[in-house]
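Spelled out, the chains give:
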Amino acid sequence: MKEKRRWVLTDVDKQVWVETLNLTAGELGVRGAAFVRKRTLHGGLSDGVDVVEINNGAMSITVVPTRGMGVWRGEYKGNPVGWVSPVRGPVNPMFVHANERGGLGWLGGFDECIVRCGLENNGSPGTDVVPNNMGEPTEMTLNLHGRIANIPAHFVAVEVGKGATPEISVTGMVDEAMLFCPQLRLVTRISTRLGSNAFTITDEVVNLKSTTSEMQLLYHCNFGKPFMDRGARLVMPLAETAPRSAYPAKEVAEWSLYRAPTPGYIEQCFWHVPVGDAKGNTLALLRNAAGNKGVAVRFNLKQLPCFSQWKNTGAESDGYVTGLEPAVNFPNARVFERKNGRVVNLAPGRTYRVDLTVEVCGDAASVKKLEQEVRRLQGKTPHCLQPGPLAKYSPQA
Amino acid sequence: MKEKRRWVLTDVDKQVWVETLNLTAGELGVRGAAFVRKRTLHGGLSDGVDVVEINNGAMSITVVPTRGMGVWRGEYKGNPVGWVSPVRGPVNPMFVHANERGGLGWLGGFDECIVRCGLENNGSPGTDVVPNNMGEPTEMTLNLHGRIANIPAHFVAVEVGKGATPEISVTGMVDEAMLFCPQLRLVTRISTRLGSNAFTITDEVVNLKSTTSEMQLLYHCNFGKPFMDRGARLVMPLAETAPRSAYPAKEVAEWSLYRAPTPGYIEQCFWHVPVGDAKGNTLALLRNAAGNKGVAVRFNLKQLPCFSQWKNTGAESDGYVTGLEPAVNFPNARVFERKNGRVVNLAPGRTYRVDLTVEVCGDAASVKKLEQEVRRLQGKTPHCLQPGPLAKYSPQA
Amino acid sequence: MKEKRRWVLTDVDKQVWVETLNLTAGELGVRGAAFVRKRTLHGGLSDGVDVVEINNGAMSITVVPTRGMGVWRGEYKGNPVGWVSPVRGPVNPMFVHANERGGLGWLGGFDECIVRCGLENNGSPGTDVVPNNMGEPTEMTLNLHGRIANIPAHFVAVEVGKGATPEISVTGMVDEAMLFCPQLRLVTRISTRLGSNAFTITDEVVNLKSTTSEMQLLYHCNFGKPFMDRGARLVMPLAETAPRSAYPAKEVAEWSLYRAPTPGYIEQCFWHVPVGDAKGNTLALLRNAAGNKGVAVRFNLKQLPCFSQWKNTGAESDGYVTGLEPAVNFPNARVFERKNGRVVNLAPGRTYRVDLTVEVCGDAASVKKLEQEVRRLQGKTPHCLQPGPLAKYSPQA
């Protein structure tokens, strides 16, 4: 296949919507066992949820247009990429009440491998003051991690590129917009190359409004077994690390180390300032104890300067998971992040671009190679590990 | 066609529901290019929304049963009737969280040409005290503009009348009711005559409860281009006008005048007391600067004594729109309106009826004719323009 | 039919979902006029709701998987079993906003004959302190009657048993679970024997989490006409009865007696401590004034030690209904119930089982028989009727 091919699955403006689609490698015009499958789920909390599965022959990823184009989960050569959440998803946003439980209701839909937190705000719930319809400063409650994950895409298409190992991609548009509020559009392209062990998210957030808007964006990339196990480690090039809260010294010293599933474990978070190459490119690698399985998140520090590590090594039934979270900010309440200069101000018509790649290692050699890459990036930069929370990163400090 | 014909599209009690319907002029039994089309939208925020489009051969209107029988938008001889909202609709109420953003969450579904605000309350969000299940006075938060626009109709039918220029209509029933709360039923008929430039809404709100209920009802009629442009004017017969808040004197003096799209513009509202004929009939005309396009809202002052003008001439991307809003009250918080005697008390079994017509002018002659009608109604009644907000109309005064 | 037969209607994990199913007696392998019918409702507030009707030849019950496997309503030989609520249901949970109206928004979906209240909490809305994601005590608002009635089942099946009068049942699983929150699974079996006048609910609530969880469970069994009418009575074996609030002495004395539909009537509640047999089995019988129609709820005091009687004899239009409510607790705010030792602590992996049967009497003889059974259970146990609310049962005391 020489030409790029394209299938539109959803276009609300043109009243296009495809309930079911099955494209074989032949229909996609590629070699091998690749396929694309779109279906609508029924029953339970998934009722009415659209999912698009892209299989490149070696790796499979499932994108959820109904949940803001998040990546539900993937698989690479038998390794599940994602985690097992207490809630069975993918959850239709119509069942999510973000304001319940003191603003933690977002958790009712949280079971994806990669979920964007934003766009107007992300982080802990909290009150903030914004202008109301009359332009008057008004106190408002912001919910955990914002709205974008619970807004369905109004446009979705599948594309196949050219060449010997073409890219298969799903593109989508999600608008976080209403009168008197920010009007931020997410234009995303999630792609994977035929036979590859990686997929790439290319996002553009556009300010559709005639005035400057605040914007926050965090990529909550969540992984459990088999990449996390007792003795697994987070490996990444770092300039500084601080615990979110005051944790015991031993816990801080072992920030990079993961425990076995531990009933009753309370989450710990570490705020990191990563080191990148001259262009700002860097990566975070989660590798298992044996060092023969790993998953890496590649991102760019000019786009996503902050990195949060969420350690949640509770029992398997309760969500045994770590979040690797590159972002424009740390996930504190927005008022705190604004004060510390970590809220983006996006001018009218301007775009904020993010490129993020998830890469899976299925053997020791490829894990080792990434570890070497991390060492090269670290180079001679010292890593400053703070013993306690810092006032510039944590309201808890 | 001599007999009245009828197609039931939705009847929840009888488990009738039609997913798709296409009626040609022939099937409707009328001449010309008229048609009726019912479909269910899919994808984005419109997923699962039922829409009924009535085209009388000259004018088209789209009614949304899923959104309380509002009128999404219309078209008359190439002129769009409605506005372009930052949110892409029509929005399924399942995605609207009315209590979010300090009670402004209703805006998340707001993109219709005509949306009813009510029935238990409308206007600004605010707290009010109502009896709870034990009859005890309890403080409750009321959301902006109430619930009716976010309740799906449980009965919908299409009808065609008799005669040479028969009416095509869609009728519907929407219940705003739950245990321990008001039980108000909206019975609506939205009709247009073959080839006409107008459509009429005939509403009856019935108190189904055995006790008297409060009721508020406002018709939020929203128009943008081509009727509103720089220099467009609101023309209507008035006894008194007061700004909602303290605006600069020049702004008050130019209450009837509209600006070009203005980035960063903050809404202005004017509260009007219109003048009508002996029966209470009156109209509000929005005409463009050139005076060759206009849209009028005809209503009756015995039914809808208050009229709010919402000027929101922001950038086109942000919602360039004016609301012409005849109502039983001004859209302040209900406690304020109650204190000022503008909340209806509806006795058990009693009905509150409203007739409202939207008429579109596509040329200068018809605009001029309506302006003359306004002048006749104004007659010798003086128009008192208040320089600032009045305590009886505005809590801001 | 000798073998047990089974039809899976919903299995989200396996992507099984059946939109429509009609099983005749022949297909079920039973004699007579029995049938099972599954369909998805469309339009109004019922849009997208799955219902399963089981008809055993004499009695029919309709189970609603979309509403947490509640029993919407039944019919026995022409007698409707249930009530007429102001809201037209069954209501899709996507339209229910539990936090609105000061935490009473659950009422927006309340029209079932039997609805479970729980699982994390039930009773009056109120604030409570629970650990947040960081393990810190955090104040949270709990809504009226909890979440389980507004969670769709992720697994549903129909089964037919063996023997001459086999049981027809519908089984289902509903998870009330999300990260950092209780993870309680309801496994339910609702069954009725061929030609019988009764149906049985067998519930198991399993704690899926690795830590102990609080649990509350109340069966809100609601009946109106023809079982309740002027002069109808609640008949049950009791050790103690106390009014919820301070009611007039005459009202307390007549706790068991029901009025005719009374416009403006304010609900009254009585908290009862029932008497059972040696195994804890007991029953509550609602019989009409004539004594020729009755409906009984059989339950076990070791499972459900508390019994609330909700008298709501308002006008028929407003919900003429009584709730017979066996439960682990009284439906006060959870903080109060915890203080009084009426919140279940469920250890990891442990199950809380409940068996509850609803039995309908269509003639005087069968009513009399149940009244005799109540008298036998009462035996010589004195019934202590408290003149006012007790501090151990009512925060109002």
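Residues numbered from 1 in each chain as written. Chains lettered and ligands numbered in written order. Predicted model: local features only at pLDDT ≥ 70, side-chain atom pairs only at ≥ 80, totals over all residues.

S.K.: Lay out the overall build of chain A with the relevant residues and their values.
M.R.: Scanning chain A from N- to C-terminus turns up six helices and 26 strands. The C-alpha radius of gyration computed for chain A amounts to 20 Å, which stays within 12% of the reference 21 Å derived for 397 residues, consistent with globular compactness. Expressed along its principal axes, the backbone C-alpha trace of chain A runs to roughly 60 × 55 × 45 Å. Here the analysis covers contacts within chain A between residues at least 6 apart in sequence; of these, 67% occur between residues at least 24 apart. (Helix = DSSP H or I, 4+ residues; strand = E, 2+ residues; numbered from the N terminus. Rg over C-alpha atoms; globule rule 2.2 N^0.38 Å. Contact = placed C-beta atoms within 7 Å.)

S.K.: Describe the relation of the copies chain B and chain A, naming the residues involved and giving the relevant values.
M.R.: Structural alignment of chain B on chain A gives an RMSD of 0.0 Å, achieved by rotating through 120 degrees and translating 0.0 Å along the axis. Such a turn and shift between the copies fits a three-fold axis. Among all residues of chain B, the minimum C-alpha distance to the rotation axis is found for B:M94, at 3.1 Å. (Least-squares fit on C-alpha atoms with pLDDT ≥ 70 in both.)

S.K.: Give a description of the interface of chain B and chain C that names residues and reports values.
M.R.: Counting residues at the interface gives 28 residues for chain B, matched by 32 residues for chain C. Among the secondary structure elements, those contributing two or more residues to the side of chain B that touches chain C are β11 (137–142) and β13 (167–177) of chain B. Here the side of chain B that touches chain C is composed, by residue class, of 13 nonpolar, 13 polar and two charged. (Nonpolar A, V, L, I, M, F, W, Y, C, P; charged D, E, K, R; others polar.)

S.K.: Can you break down the sheet that holds β13(B) residue by residue, with the values?
M.R.: Strand pairing in a sheet relies on backbone hydrogen bonds. The paired strands run either parallel or antiparallel. Residue and element names in this part refer to chain B. The sheet built from 10 strands is open, its strands ordered β2-β1-β12-β13-β14-β15-β25-β21-β20-β17 with antiparallel pairing. The sheet is open, and its two borders are formed by β2 (16–17) and β17 (233–235), each paired with just one other strand. Here three bridges tie β17 to strand β20 (residues 281–287), and the two strands are oriented antiparallel to one another. Residue pairing in the sheet places V235 in a bridge with L285 of β20. (Pairing = 2+ DSSP bridges.)

S.K.: Would you mind going over the sheet that holds strand β25 (residues 351–361) of chain A in detail, with residue names and values included?
M.R.: Residues and elements named next belong to chain A. Read across the open sheet, the 10 strands follow the order β2-β1-β12-β13-β14-β15-β25-β21-β20-β17; overall the sheet is antiparallel. Two strands bound the open sheet, and with one partner strand each, they are β2 (16–17) and β17 (233–235). In terms of strand pairing, strand β15 (residues 198–207) meets β25 through nine bridges, oriented antiparallel. Looking at β25, one finds that F199 is bridged to V358. Packed on one face of the sheet, helix α6 (residues 364–378) meets β17, β20 (281–287), β21 (294–300) and β25 and runs near 135 degrees to β20. (Axes fitted to C-alpha atoms, helices over the stretch in contact; angles between N-to-C directions.)

S.K.: Go over the interface of chain B and chain A, please, and point to the residues and values.
M.R.: Taken residue by residue, the interface counts 31 residues in chain B and 28 residues in chain A. Among the elements of the structure, α2 (100–103) and α4 (316–319) of chain B are those that each provide at least two residues to the side of chain B that touches chain A. Of the residues in the side of chain B that touches chain A, the class split is 11 nonpolar, 14 polar and six charged.

S.K.: Tell me about the pairing of strand β1 (residues 5–11) of chain B, and please be specific about residues and values.
M.R.: All names here are of chain B. Bridging between β1 and strand β12 (residues 155–160) involves six bridges; their strand directions are antiparallel. Following the sheet pairing, T10 is matched in β12 by V156. From the end of β1 to the start of β2, which pair antiparallel, there are four residues, and Q15 there has a positive phi angle of about 55 degrees.

S.K.: Tell me what's going on with the relation of the copies chain B and chain C, and back it up with residues and numbers.
M.R.: Related by rotation about an axis and a shift along that axis, the two copies of the chain form a pair. Of the transformation superimposing chain B on chain C, the axial component is 0.0 Å and the angular component is 120 degrees, with the fit at an RMSD of 0.0 Å. Taken together, the interface assignments show that only 11% of the residues at the interface of chain B recur at the interface of chain C, consistent with different surfaces on the two copies.

S.K.: Talk me through the environment of A:P348; I want residue IDs and the actual numbers.
M.R.: All names here are of chain A. Assignment of secondary structure puts P348 in the loop between β24 (344–346) and β25. Here the alpha-carbon distance between P348 and S213, two residues 135 residues apart in the chain, equals 7.7 Å. Not counting residues up to four positions away in its chain, the partners in contact with P348 are N207, K209, S210, T211 and T212.

S.K.: I'd like a description of unusual backbone geometry, backed by residues and values.
M.R.: It is generally the case that most residues other than glycine have a negative phi and that most peptide bonds are trans. With an omega of -5 degrees, the peptide bond running from A:G89 to A:P90 counts as cis. If you trace the backbone, A:P90 turns up in the loop between β8 (79–81) and α2 (100–103). Positive phi, close to 65 degrees, is recorded for A:M69, a residue that is not glycine. Position of A:M69 relative to the elements: it lies in the loop between β6 (59–64) and β7 (70–76). With a phi angle near 45 degrees, B:K77 is a residue other than glycine that sits in the positive phi range. Positionally, B:K77 belongs in the loop between β7 (70–76) and β8 (79–81).

S.K.: Outline the pairing of strand β18 (residues 238–243) of chain C, listing residues and values.
M.R.: All names here are of chain C. Bridging between β18 and strand β19 (residues 268–274) involves five bridges; their strand directions are antiparallel. Counterpart to L238 in the pairing with β19 is P274. Looking at chain direction, β18 and strand β26 (residues 384–385) are connected through two bridges and run parallel. Looking at β26, one finds that T241 is bridged to L385.

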